[in-house]
Amino acid sequence: MDIMLLVTLRRATQADLAAVQQLFGALHSFNATLDARFALADGWETVLKEHLGHACDHPHSLTVLAWADDEPVGLLMLDGHTDSPLFRHRHWAELVALYVAPSQRGSGLATRLVAAGSAWAHAQGYDRVQLYVTRSNLSAQHFYVRHGFAPVQEVWRLELEPSDRLPPDDPDCEAVYAHGHNLLSSHQHVIAVGDEEIPA
Ligand SMILES: CC(C)(COP(=O)(O)OP(=O)(O)OC[C@H]1O[C@@H](n2cnc3c(N)ncnc32)[C@H](O)[C@@H]1OP(=O)(O)O)[C@@H](O)C(=O)NCCC(=O)NCCS
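Residues numbered from 1 in each chain as written. Predicted model: local features only at pLDDT ≥ 70, side-chain atom pairs only at ≥ 80, totals over all residues. Heavy atoms only, no water.

Undergrad: Any details on the nonpolar core? Residues and values, ideally.
TA: In terms of nonpolar packing, the biggest core is built from 26 residues, with Leu76, Leu98, Leu109 and Leu113 touching the most fellow members. For this core, the secondary-structure elements that each account for two or more residues are strand S1 (7-11), strand S2 (61-68), strand S3 (71-82), strand S4 (91-100), helix H3 (109-123) and helix H4 (138-146). By residue number, the principal contributor to this core is H3, which donates 7 residues. Formed by 17 residues, the second largest nonpolar core is a distinct cluster that contains Ala12, Leu48, Cys56 and Leu75. (Core = buried A, V, L, I, M, F, W, Y, C linked by side-chain atoms within 4.5 Å. Buried < 20%, exposed > 50% of the residue type's maximum accessible area, 1.4 Å probe, protein only. Helix = DSSP H or I, 4+ residues; strand = E, 2+ residues; numbered from the N terminus.)

What follows is the structure in structure tokens.
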């Protein structure tokens, strides 16, 4: 039997916190092996819990879990992003997390997750999905290219000598990023994604 038939996608609720944390943690452990600067902070679980508490109730945030029976095997997180009013094209859907458990890779599960996310983003009125991918993560880059993504910008880094000083806080940034992104009011409807239905 095709493994795809055994894996179901469901929009995450706050009750799924442990599963989201499990896969989000696995994703970022992997990312940190590629670039130590992507290591999660102490207490990240609490921040993610707060984010999920807000995001589950808001129309411009989507967290989808893939389940094989009662085991979480895939995670997709998208957030609506609003850029500064300085810019004409301020809104996009940002793919902030994509992870498939090693046992399910190559089965098309990430393809299903990204299709669900793209359909959700379009239904919400966004005209693009953007993401960051680590330069050395060639398999993810290959996956994204095969699914129509193209690089439009690069993040460049100059490493400086470690400093004893902590950089100053920017209170405006803290407010925006406290829950991942600024979040607005909510409504619920259901969108069809092929044969999947993801509440939007
Ligand atoms: C990148 C990642 C999400 C891809 O997940 P995946 O489930 O293996 O991806 P898919 O199965 O949908 O696609 C992988 C390949 O399997 C193929 N495939 C699709 N359906 C398939 C099926 N039914 N049976 C077998 N293979 C299939 C796809 O064509 C694809 O091939 P391609 O890369 O040549 O296009 C996964 O490798 C992962 O979680 N990596 C670690 C975390 C990570 O890098 N995340 C991205 C951070 S930006």
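Undergrad: Mind laying out the site of the ligand, listing which residues take part and the relevant values?
TA: Surrounding the ligand, one finds 21 residues, the nearest of these being Gly106, Gly108, Thr111, Asn137 and Arg146. Taking Gly106, its main chain carries an N or O atom lying 2.2 Å from a nitrogen atom of the ligand. In this structure, an oxygen atom belonging to the ligand sits 3.1 Å away from a main-chain N or O atom of Ala110. Where the shell around the ligand is concerned, the elements lending two or more residues are helix H1 (17-34), S4, H3 and H4. Counting residues per element, the shell around the ligand draws most heavily on H4, which supplies 5 residues. (Near = heavy atom within 4 Å. Polar contact = N/O pair within 3.5 Å; in protein donor to acceptor, adjacent residues only side chain to side chain.)

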